[in-house]
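Each chain is listed here by its residues.
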Amino acid sequence: MALALFYVTVGIPIAALADRKSRRNILAISLAIWSGMTALCGLAQNYWQLLLARFGVGIGEAGGLLPPHRCSPTSFLRRGDRWLTRSSPSARAWGVARSQVAGEAAERSGWRAAFLVLGIPGVVVALIVWLTVREPHRGQLDSSALGRQPSTLPATLHFIATQRSAIHLLLGGSVATFWSWG
């Protein structure tokens, strides 16, 4: 619940920020937070420390642009500008390899080691992304390129609230998420 609450709540402002600011920087910062907080989960000594670290994982994950997080708001922006599309199969393979290594670490040394194995390399990757990835060309699908004014966050939220299908999807997704925790 801690991860999901912050993932969903922080995803909207991060998406608005990613629409206007450097997506590379948002990706690098999100990856650093996500990975650093994942590593901190492995260092947690009590429930409250683990809870706070999971909040941090949700915040970092909300800005994730890479698979398997295809539902994060910034991943839609990435697709719109055709950024990193060729690396998606590689990213999936990387995710599978990470899961196998983390599983092996957990089997040999416990769950804390799995969090450390998943988190520490991600901080290094965040630094590499920040230093080497160029900002993608943007604008082909922006409102201003089509002769319209960009939408504001309140106007977008109002539009979503008036769409019955969007409300049904949000409610259905929320119910399904809570149902899976039972």
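All values reported here derive from a predicted model rather than from experimental measurement.

Kindly report on the nonpolar core, identifying the contributing residues and their values.
Core analysis: the biggest nonpolar cluster contains 9 residues, these being Leu27, Ala28, Leu31, Trp34, Cys41, Ala53, Val57, Ala126 and Val129. If you list the elements that add at least two residues to this core, you get α2 (23-43), α3 (47-62) and α6 (111-132). Non-local contacts of Ala126, meaning those with residues more than four positions away in its chain, are made with Ala28, Leu31 and Ala32. Grouped together as the second largest cluster of nonpolar side chains are 6 residues, Tyr7, Val10, Ala18 and Ile26 included.

Explain the side chain of Thr38 residue by residue, including any values.
Mapped onto the fold, Thr38 is located in helix α2. Apart from residues no more than four positions distant in its own chain, Thr38 is found in contact with Val57, Phe115, Leu118 and Gly119.

Summarise a nonpolar patch on the surface; cite the residues concerned and give the values.
The grouping of Ile12, Leu153, Leu157, Phe159, Ile160, Ile167, Leu170 and Leu171 at the surface amounts to a nonpolar patch, some 700 Å² of accessible area in total. Mapped by element, the contributors of at least two residues to the nonpolar patch are α7 (153-161) and α8 (164-180). Tallying contributions element by element places α7 first for the nonpolar patch, with 4 residues. Checked against the element boundaries, Leu153 lands in helix α7. Take Leu153: its relative accessible area is 37%, and that puts it in the partly exposed class.

How would you explain α6 if you had to name every residue and give the values?
With 22 residues, α6 ought to run about 32 Å at 1.5 Å a step, and its terminal C-alpha atoms sit 32 Å apart, in line with that. Where α6 is concerned, the buried positions are Ala113, Ala114, Gly119, Gly122, Ala126 and Val129.

Kindly report on α3, identifying the contributing residues and their values.
Look at α3: 23 Å from first C-alpha to last across 16 residues, which is about the 22 Å you get at 1.5 Å a residue. Buried within α3 are the following residues: Leu51, Ala53, Phe55, Gly56, Val57, Gly58, Gly60, Glu61 and Ala62.

How would you summarise the packing of aromatic side chains if you had to cite specific residues and measurements?
For the coordinates displayed, the defined rule picks out 2 aromatic pairs. With a centroid separation of 5.0 Å and an interplanar angle of 80 degrees, the aromatic rings of Tyr47 and Trp48 are classed as edge-to-face. Like Tyr47, the residue Trp48 is exposed in the burial classification.

Residues and numbers for the confidence of the model for the chain, please.
Residue-level pLDDT values for the chain average 77, and 75% of them are 70 or greater. In the model, residues 66-70 has pLDDT below 50 throughout and makes 16 contacts with residues more than four positions away in sequence or in other chains. A low-confidence stretch, residues 76-86 (pLDDT under 50), is modelled with 27 contacts involving residues beyond four sequence positions or located in other chains.

Explain the pattern of salt bridges to me, and be specific about the residues and the numbers.
Following the criterion strictly, the structure yields 1 salt bridge and no others. Taking the shortest distance from any N to any O, the salt bridge between Glu104 and Arg108 comes out at 2.7 Å. Of this pair, Glu104 and Arg108 are both found in helix α5 (residues 88-109), 4 residues apart, which corresponds to roughly one turn of the helix. Judged by relative accessible area, Arg108 falls into the exposed class, the value being 68%.

Reading the values: the criteria
- Residues numbered from 1 in each chain as written.
- Predicted model: local features only at pLDDT ≥ 70, side-chain atom pairs only at ≥ 80, totals over all residues.
- Heavy atoms only, no water.
- Core = buried A, V, L, I, M, F, W, Y, C linked by side-chain atoms within 4.5 Å.
- Buried < 20%, exposed > 50% of the residue type's maximum accessible area, 1.4 Å probe, protein only.
- Helix = DSSP H or I, 4+ residues; strand = E, 2+ residues; numbered from the N terminus.
- Contact = heavy atoms within 4.5 Å.
- Patch = residues over 30% accessible without salt bridge, like charges linked within 9 Å, V, L, I, M, F, W, Y side chains within 5 Å.
- Areas by Shrake-Rupley, 256 points an atom, 1.4 Å probe, with all protein chains shown as cover.
- Salt bridge = Lys/Arg side-chain N within 4 Å of Asp/Glu carboxyl O.
- Expected span 1.5 Å × (residues − 1).
- Phe/Tyr/Trp six-rings, centres within 6.5 Å; stacked < 30°, edge-to-face > 60°.
- pLDDT = per-residue confidence, 0-100.

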